[in-house]
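Coordinate inspection notes
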Number of protein chains: 6
Amino acid sequence: MTIAIINPNASHSMTQQMQASCLNLSLHNETRWYECLASPVSIEGHSDGVEAAYHLLEKIRQLENSDVPPKAYVIACFDDTGLDAAREITASPVIGIGEAAMHAASFVSQSFVVMTTLERSVSILERNLSHYGLVNRCGGVYASGLPVLSLESNEESYDVVRSAASNVLQANRGDALVLGCGGMSHWVERLQSDIGVPVLDGVRIAITFADGFISLKLATSKVAGYAWPETKA
Amino acid sequence: MTIAIINPNASHSMTQQMQASCLNLSLHNETRWYECLASPVSIEGHSDGVEAAYHLLEKIRQLENSDVPPKAYVIACFDDTGLDAAREITASPVIGIGEAAMHAASFVSQSFVVMTTLERSVSILERNLSHYGLVNRCGGVYASGLPVLSLESNEESYDVVRSAASNVLQANRGDALVLGCGGMSHWVERLQSDIGVPVLDGVRIAITFADGFISLKLATSKVAGYAWPETKA
Amino acid sequence: MTIAIINPNASHSMTQQMQASCLNLSLHNETRWYECLASPVSIEGHSDGVEAAYHLLEKIRQLENSDVPPKAYVIACFDDTGLDAAREITASPVIGIGEAAMHAASFVSQSFVVMTTLERSVSILERNLSHYGLVNRCGGVYASGLPVLSLESNEESYDVVRSAASNVLQANRGDALVLGCGGMSHWVERLQSDIGVPVLDGVRIAITFADGFISLKLATSKVAGYAWPETKA
Amino acid sequence: MTIAIINPNASHSMTQQMQASCLNLSLHNETRWYECLASPVSIEGHSDGVEAAYHLLEKIRQLENSDVPPKAYVIACFDDTGLDAAREITASPVIGIGEAAMHAASFVSQSFVVMTTLERSVSILERNLSHYGLVNRCGGVYASGLPVLSLESNEESYDVVRSAASNVLQANRGDALVLGCGGMSHWVERLQSDIGVPVLDGVRIAITFADGFISLKLATSKVAGYAWPETKA
Amino acid sequence: MTIAIINPNASHSMTQQMQASCLNLSLHNETRWYECLASPVSIEGHSDGVEAAYHLLEKIRQLENSDVPPKAYVIACFDDTGLDAAREITASPVIGIGEAAMHAASFVSQSFVVMTTLERSVSILERNLSHYGLVNRCGGVYASGLPVLSLESNEESYDVVRSAASNVLQANRGDALVLGCGGMSHWVERLQSDIGVPVLDGVRIAITFADGFISLKLATSKVAGYAWPETKA
Amino acid sequence: MTIAIINPNASHSMTQQMQASCLNLSLHNETRWYECLASPVSIEGHSDGVEAAYHLLEKIRQLENSDVPPKAYVIACFDDTGLDAAREITASPVIGIGEAAMHAASFVSQSFVVMTTLERSVSILERNLSHYGLVNRCGGVYASGLPVLSLESNEESYDVVRSAASNVLQANRGDALVLGCGGMSHWVERLQSDIGVPVLDGVRIAITFADGFISLKLATSKVAGYAWPETKA
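Residues numbered from 1 in each chain as written. Chains lettered and ligands numbered in written order. Predicted model: local features only at pLDDT ≥ 70, side-chain atom pairs only at ≥ 80, totals over all residues. Heavy atoms only, no water.

1. Structural notes on the overall build of chain A
On a plain count of helices and strands, chain A comes out with eight helices and eight strands. The C-alpha radius of gyration computed for chain A amounts to 17 Å, which stays within 12% of the reference 17 Å derived for 233 residues, consistent with globular compactness. With the C-alpha coordinates of chain A rotated into their principal frame, the extents come out at 55 × 35 × 30 Å. Looking at chain A as a whole, 68% of its 233 residues are labelled buried. Contacts spanning at least 24 positions in sequence make up 72% of the contacts within chain A whose residues lie at least 6 apart. Entry remark: accessible area of chain A is about 7400 Å², with carbon and sulfur atoms responsible for 49%. Taken together, the 15 basic and 25 acidic charged side chains of chain A have centroids lying 6 Å from each other. (Helix = DSSP H or I, 4+ residues; strand = E, 2+ residues; numbered from the N terminus. Rg over C-alpha atoms; globule rule 2.2 N^0.38 Å. Buried < 20%, exposed > 50% of the residue type's maximum accessible area, 1.4 Å probe, protein only. Contact = heavy atoms within 4.5 Å. Areas by Shrake-Rupley, 256 points an atom, 1.4 Å probe, with all protein chains shown as cover. Lys, Arg positive; Asp, Glu negative; His and termini not counted. Charge placed at Lys NZ, Arg CZ, Asp CG, Glu CD.)

The following block contains the structure:
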């Protein structure tokens, strides 16, 4: 059985990097990784999100129509782009990396802090946080100022993120750090070691949750907000 | 100067019906009406919303690139489909009919009730309500069970909506009714007369607000969450 | 048809200044401006508010009993002094400049900041904000320290307000500024130009909304919290 | 030393009835009872409240200027009419009977229910409840439909209130009853006996708190929202 | 590596029943089951909880001092008895079955309903729900009226719970059911089949999460609220 | 009649110090002071709290079984350790010093600040604050960094607390200070004089409230969350 992990943006290198950071996970199911080539190369703001959600749904419909559809889906963008819509068009569970990381953080800390990329993403994440109910468990959502694609690489980016994270943890008395972009996934162990608080990477957590949901036979409710789409007259 | 009113679904008859219900408005600006022909014929749930938002953005980009771009936009779906994304891609104000009706209701009542179409839309509207901050001013969001396109017409539909509205107003001690779908726009005066509380139709209110925003020279902030989209590398 | 704009304090020069800042609005209705000569000369705190509300109601009752009562009322104090009581004693819509500005800000920004006069007014405005539901859309309410009547005039006052506004916008990552006193109305364009984010002046917004409500035939609900006053035995 | 208990309405018989219900309280200070003869005879809604607050402040100013000003004040209207303004104009503590009863209820129950007089008062009390922070501790605010002055007397009124209270306690799984009008004060023991849950009467609780605050030397803060009124230029 | 699942009450048969319902889970780690023999036989209310928490901590300290301490802990009482204290005294992650079920429900539904045992437990669970942030995702917490130990067995109990669950799901428009007691664990599949919405059993979910947290190397933060206990002077 | 004041920790000197600070209170009832010798010497964090709550219940049961049980109980730890459980096992009212101080603060200020001992206690107090409903009335909970037992004595400790309190009051625009530990009780007058805002000490306030509740015959509800413990089969 397989878990489909879909990066809603078009960056194959980002998909690869996230995949690499998940190699050491113990899973009962196979993972398959996808990106959405018609999407923007990175999701930075609402309009990128609308386009990416559109192509994400296309990808999920295509997988659902395949011979052996996935048993679970992970949406590998911290904005949880298209999450609710995805839950309408499949019976398998769908997990966003943002919700996975933020919920998990509430199991190991009293007040986590989220470090994302650009200031423009902050209000998107705050709204998700509010919808998930975790506002009171979060000391704040902050942006390092580094765009998504700059995270793939170098030492300089790492230093900016580590330094920004330390500052906001201290200023907000936070006791855990949530990485607010899939592109930071490869830094999780290094950051945890440097900063001294739990560091949560949504990619690995969401996949682990998806693996567990398959074992638990947990599926999305189909009676109200996530019912199958209406047939139009 | 013009206000562009965009119905994000593909139903031209619904556009026409909304337009008809706005004939008696006093406005300083001209209105232009559009629908999105590649969208679903009605927006019922999250996945319809993702598709409609995608085509709505296309339409706005096209109007922005026209010789005389609109001075304001109205999104004529009560879900406020694509509202935040739209605000990124234009400097003109963008107003959703859902937010317009619900905010306006809070000026004339202590506790309004929203009557929408299908149960599946309730959680979408509740989330918007929460984002707009109006949860404590709303006695509840309820569905009549009638799909969007059935609203265009007949006496039977009217009776279902009127009866459902009366019931939830009483059960929730509501003092105003918000029509939770653009397709109910043509019933506003009749319902108000039958039910005896203010009835708020987002289509007419949003256009009136858009007209006023133009006079006030109020434009969307471009410094954070609604900044112009990033240029990708 | 007329909109009555009532300044609940006794300062005629403040009424004149607000009126001057509204000259360029496009309206369908005539405006008439009033102050309350028996009120304190400025409303700074709760007890000033109680007195001003008392005299405001007197003025509204008097206008209601005139030959041609106004079709809408605007209460031109940012505390929205006496707003709910006013809605009981007239069938015409009543709009406060505070609520108008703060609701409007939520249409053009993700997180606005309010700059008012004295620290003592902050908790009054925070409570209004909470009642309107906009707490999560507001980065904070701050006081410049300048009393109401000092705003009428000079360059020095302007500099204090502009500087305070810039600081709190930055500290709170705000993307719009709401002017927290009718006396700042004349600075709206200058501040917007100097600060680079939308600046919202409740006086002009409330009048524009009142003008629109007349066109929409929107009236206050008379069935519960805003019902006509009881006849006493 | 004295506690001034001020009924903000004009009904002397209501004052007398409240006073009678307080005869068995053990207090360290003397009580003095007042009403506001220029006020409406009962406070039912916002505009009654504005007038009553105005006359309440007059009364407090007069007492403050007397030879031996009171050491504490109780505002004997469940709406807590003029409470914040009163706190500005005296250094002595001021306690509203509504806040006293609702806070006290949170010490002896998990979820109290409020039974008030007319539907129009519900939204006023809900707003106070929200300001006091007790929304989550309250199962709901309900109206018996009986106007304030009808509570003074007869068996029939008692039956209406008792029956309404029982119903809303059951429907809301409440475990305590708060009497939402000073006029119900004389029923507290009888209701408690008939209904079987704690019944809280704000008049007696507020006076007891005032008595304790004098012993504790607790006074209202004078540095921000409750600072002494500004001297006008 | 092992996961310790501790039933904080003294009922061995309840432990056995929960264990039986977990036989078909796919896990990477071994499970070890414990109860607390000095605790009450069931946890029904606050004082039972205080005693059970005390003995739970004893058990955890004993396991921490064993040769091979567990890699994760599950607290198998839906009240999440002693959860925060447990997180102080071990470096391994600790998961409550209540929090696990309610968080998981928010991944597969828009509005879940909790069905617990006795009315007295409702306020305890509501407070947990509020702390976890999931109030807005929960349609309500209800009690079947059946005490904990009566759940172990018979057909009659099943019918009471199934019927109560169906009623509250309908009345609250819920789309998922959370089993509010570990003792209902063995009914999860049968209920799901009978009721037609996802049914969430915290025991199995918490163990699955614990298994995943071990794989993710997620540990409790030790810098603030969950820091190791202070050494007393 | 007596009020039992129980210090849930084992420190007799702390009990004595609190007792000394209450000498000048005017009360109608006698006070009796206790500590819990089997508890930790100070309560700093969740696991200390679990142990202290266990021994607190033992003490209350013992007093309940004495010849003349107390008429009211005060729990003299600012965490309100075991408060809800205590309310189950006695019919007399039980008041925590934390809740007493924080509720009282909301009667004399618009925004109080809490100064406690160690950072680890902050999240405990924030959760209590949230349960009591007073989040919006509190500018923040802060720790001086001084452990509980260091508060008993010297000038240096006083300076640390006074300085920390001044700073957070200013930074949060607070207008009252709540002492977040019973061990600070003896500083209340000195701090109030030095800082210039009302300073609230829960020990004295809770005892005064308990004294008043006895006069009011206010007892804990016994119908739902605080019902007498279940008899186990």
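What follows picks up the thread again.
2. Brief notes about the interface of chain A and chain E
The interface is formed by 48 residues belonging to chain A together with 48 residues belonging to chain E. Interface area, chain A with chain E, both sides summed: about 3800 Å², of which 62% is carbon and sulfur. When the buried surface of chain A facing chain E is broken down by residue, Phe107(A), Val108(A) and Leu216(A) rank first, second and third, together holding 18% of it. In this structure, the connection of chain A to chain E is made through 14 residue pairs in polar contact (both at pLDDT 80 or more). Contributions of two or more residues to the side of chain A that touches chain E are made by α3 (83-88), β4 (94-96), α4 (97-108), α5 (119-132) and α8 (202-216) of chain A. (Buried area = accessible area lost by both parts, 1.4 Å probe. Polar contact = N/O pair within 3.5 Å; in protein donor to acceptor, adjacent residues only side chain to side chain.)

3. Focus on the relation of the copies chain A and chain E
Expressed as a screw operation, the relation of chain A to chain E combines 0.0 Å of axial shift with a rotation of 180°, fitting to an RMSD of 0.0 Å. What the superposition gives is, in effect, a two-fold axis relating one chain to the other. No C-alpha of chain A approaches the rotation axis more nearly than that of Gly133(A), which lies at 2.2 Å. By residue overlap, the copies meet face to face through one surface: 100% of the interface positions of chain A are interface positions in chain E. (Least-squares fit on C-alpha atoms with pLDDT ≥ 70 in both.)

4. Some details on the sheet that holds strand β1 (residues 2-7) of chain E
All names here are of chain E. In space, the four strands of this open sheet follow the order β2-β1-β3-β4, with parallel pairing throughout. With partners counted over all chains shown, the strands left at the sheet margins are β2 (30-35) and β4 (94-96), one partner each. Strand-to-strand, the axes of this sheet are offset by a mean angle of 20°, without reference to chain direction. In this sheet, β4 lies alongside strand β3 (residues 72-75) in parallel orientation, the contact comprising three bridges. Across the sheet, residue Ile75 finds its bridge partner in β4, namely Gly96. Contacts between helix α4 (residues 97-108) and the sheet are confined to β3 and β4, with β4 contributing the most and set at about 70° to the helix. (Pairing = 2+ DSSP bridges. Axes fitted to C-alpha atoms, helices over the stretch in contact; angles between N-to-C directions.)

5. Section: the interface of chain A and chain B
With 33 residues of chain A at the interface, the matching set in chain B holds 34 residues. With both chains or domains summed, chain A and chain B bury close to 2800 Å², and 55% of this area falls on carbon and sulfur atoms. For the pair chain A and chain B, the interface holds 12 salt bridges. Lys232(A) is paired through a salt bridge with Asp48(B); the nearest N and O atoms lie 2.5 Å apart. Summed over the shared surface of chain A and chain B, the number is 24 residue pairs in polar contact (both at pLDDT 80 or more). Elements supplying a minimum of two residues to the side of chain A that touches chain B: α2 (46-64), α3 and α5 of chain A. If you tally residues by element for the side of chain A that touches chain B, the top one is α2(A), at 10 residues. (Salt bridge = Lys/Arg side-chain N within 4 Å of Asp/Glu carboxyl O.)

6. Some remarks on the arrangement of the chains
If you take every C-alpha in chain A and every C-alpha in chain D, the smallest gap between them is 16 Å, and the two do not touch. These two, chain C and chain E, are apart from each other, with no contact and a minimum C-alpha gap of 16 Å.

7. Points about the domain arrangement of chain A
Residue and element names in this part refer to chain A. By domain assignment, chain A separates into domain 1 (2-97 + 205-216) and domain 2 (98-201). Distance from the C-alpha centre of domain 1 to the C-alpha centre of domain 2: 20 Å. Taken together, the 26 residues of domain 1 in the interface contact 31 residues of domain 2. In this structure, Arg87 and Glu99 form a salt bridge, with 2.6 Å as the shortest nitrogen-oxygen distance. Applying the counting criterion to the domain 1 and domain 2 interface returns 13 residue pairs in polar contact (both at pLDDT 80 or more). Counting only elements with at least two residues in the side of domain 1 that touches domain 2, the list comes to α1 (12-21), α3, β4 and α8. Ranked by the residues each element gives to the side of domain 1 that touches domain 2, the list is headed by α1, at five residues. (Domains from an automatic or database assignment.)

8. A few points about helix α1 (residues 12-20) of chain B
The complete set of buried residues in α1(B) reads Met14(B), Thr15(B), Gln17(B) and Met18(B). Projected onto a plane normal to the axis of α1(B), the buried residues spread over an arc of 165° and lie on a single side. (Arc of directions from axis to C-beta.)

9. Some remarks on the pattern of salt bridges
As enumerated under the stated definition, the model contains 72 salt bridges over all chains in all. Across the pair Glu51(F) and Arg61(E) runs a salt bridge whose closest N-O atoms are separated by 3.1 Å. Taken together, the positions of Glu51(F) in helix α2 (residues 46-64) and Arg61(E) in helix α2 (residues 46-64) put the pair across two chains. Of the residues examined, Glu51(F) reaches a relative accessible area of 22% and is grouped as partly exposed.

10. Some words on unusual backbone geometry
Working note: non-glycine residues mostly have negative phi, and peptide bonds are mostly trans. Not every positive phi belongs to a glycine, and Asp80(D) is a case in point at roughly 55°. For Asp80(D), a relative accessible area of 5% puts it in the buried group. At Lys217(F), a residue that is not glycine, the phi angle is positive and equals roughly 55°. Looking at the secondary structure, you find Lys217(F) in the segment after α8 (202-216).

11. A word on the packing of helix α4 (residues 97-108) of chain C against helix α8 (residues 202-216) of chain C
Residues and elements named next belong to chain C. Contact geometry of α4 with α8 gives a least axis separation of 8 Å together with a crossing angle of 90°. Viewed along their axes, α4 and α8 adopt a mutual orientation that is roughly perpendicular. Only Gly202, Val203, Ile205, Ala206 and Phe209 of α8 make contact with α4, whose side of the interface consists of Ile97, Ala100, Ala101 and Ala104. The residue makeup of the contact of α4 with α8, split by class, is eight nonpolar, one polar and no charged. (Parallel < 35°, antiparallel > 145°, perpendicular 65-115°, else oblique. Nonpolar A, V, L, I, M, F, W, Y, C, P; charged D, E, K, R; others polar.)

12. Section: the sheet that holds strand β5 (residues 112-116) of chain C
Within a sheet, each strand pairs with its neighbour through backbone hydrogen bonds, oriented either parallel or antiparallel. Residue and element names in this part refer to chain C. Ordered by their spatial adjacency, four strands build an open sheet running β6-β5-β7-β8, and the pairing between neighbours is parallel. Edge positions in the sheet fall to β6 (138-143) and β8 (199-201), since each has one partner strand and no second. With direction set aside, neighbouring strand axes in the sheet form an average angle of 20°. Both β5 and β6 contribute to a ladder of five bridges, which runs parallel. Considered in β6, the bridge of Met115 is made with Tyr142. Lying over the sheet, helix α6 (residues 155-171) contacts β5, β6 and β7 (176-179), oriented at roughly 150° with respect to β5.

13. Considering the relation of the copies chain A and chain B
Under the fitted operation, chain A is carried onto chain B by 0.0 Å of movement along the axis and a turn of 180°, and the coordinates agree to an RMSD of 0.0 Å. When the interface residues of chain A are mapped onto chain B, 100% of them again fall at the interface, so both copies present the same face.

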